[in-house]
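# Residue-level structure breakdown
Residues per chain are reported as follows:
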Amino acid sequence: VESLQQGDAEARAQTADALGAIGADANAAKATLVAALAEPDLPVAVRFTLAEALGEIGAYTTEVTRALVDAALRDPSPEVRDNAKESLGEQAAEA
């Protein structure tokens, strides 16, 4: 999880991807993923992967939902917005 906070862009994207692949067992990393998704200076590929990982981990909290809604509405990248919307759709499917 430390590489999400301090790694270079590629390491951050790889870490987020790995956490997403773990799924619900990576639940403890959600707060770090949410904080990273809010960083506006991260490259699009990293934000895209962060939004995807949050959807794959599931177990949505208010903070996760807020972060995904914010990304879906405000991220400058259409790819990130679309991925955040997809993750929100997965949340709705789980409810």
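Here is a short report on the structure shown in this document. (Residues numbered from 1 in each chain as written. Predicted model: local features only at pLDDT ≥ 70, side-chain atom pairs only at ≥ 80, totals over all residues. Heavy atoms only, no water.)

Attention now goes to the overall build of the chain. Regarding its fold elements, the chain presents six helices and zero strands. N-terminal to C-terminal, the α/β element order of the chain is α-α-α-α-α-α. Each principal axis of the C-alpha atoms in the chain carries an extent, and together these give about 35 × 30 × 20 Å. A buried classification covers 43% of the 95 residues belonging to the chain. Summing over all exposed atoms, the chain offers an accessible surface of approximately 5000 Å²; the carbon and sulfur share of this is 52%. (Helix = DSSP H or I, 4+ residues; strand = E, 2+ residues; numbered from the N terminus. Buried < 20%, exposed > 50% of the residue type's maximum accessible area, 1.4 Å probe, protein only. Areas by Shrake-Rupley, 256 points an atom, 1.4 Å probe, with all protein chains shown as cover.)

With 13 residues, helix 5 (residues 62–74) ought to run about 18 Å at 1.5 Å a step, and its terminal C-alpha atoms sit 18 Å apart, in line with that. For helix 5, the set of buried residues is Val 64, Ala 67, Leu 68, Ala 71 and Ala 72. Taken down its axis, helix 5 places every buried residue within 130° of arc, on the same side. Opposite its buried face, helix 5 presents the exposed residues Arg 66, Leu 73 and Arg 74, each directed more than 90 degrees away. Residues of helix 5 that are buried in the fold lie against helix 3 (30–37), helix 4 (44–57) and helix 6 (78–94). (Expected span 1.5 Å × (residues − 1). Arc of directions from axis to C-beta. Contact = heavy atoms within 4.5 Å.)

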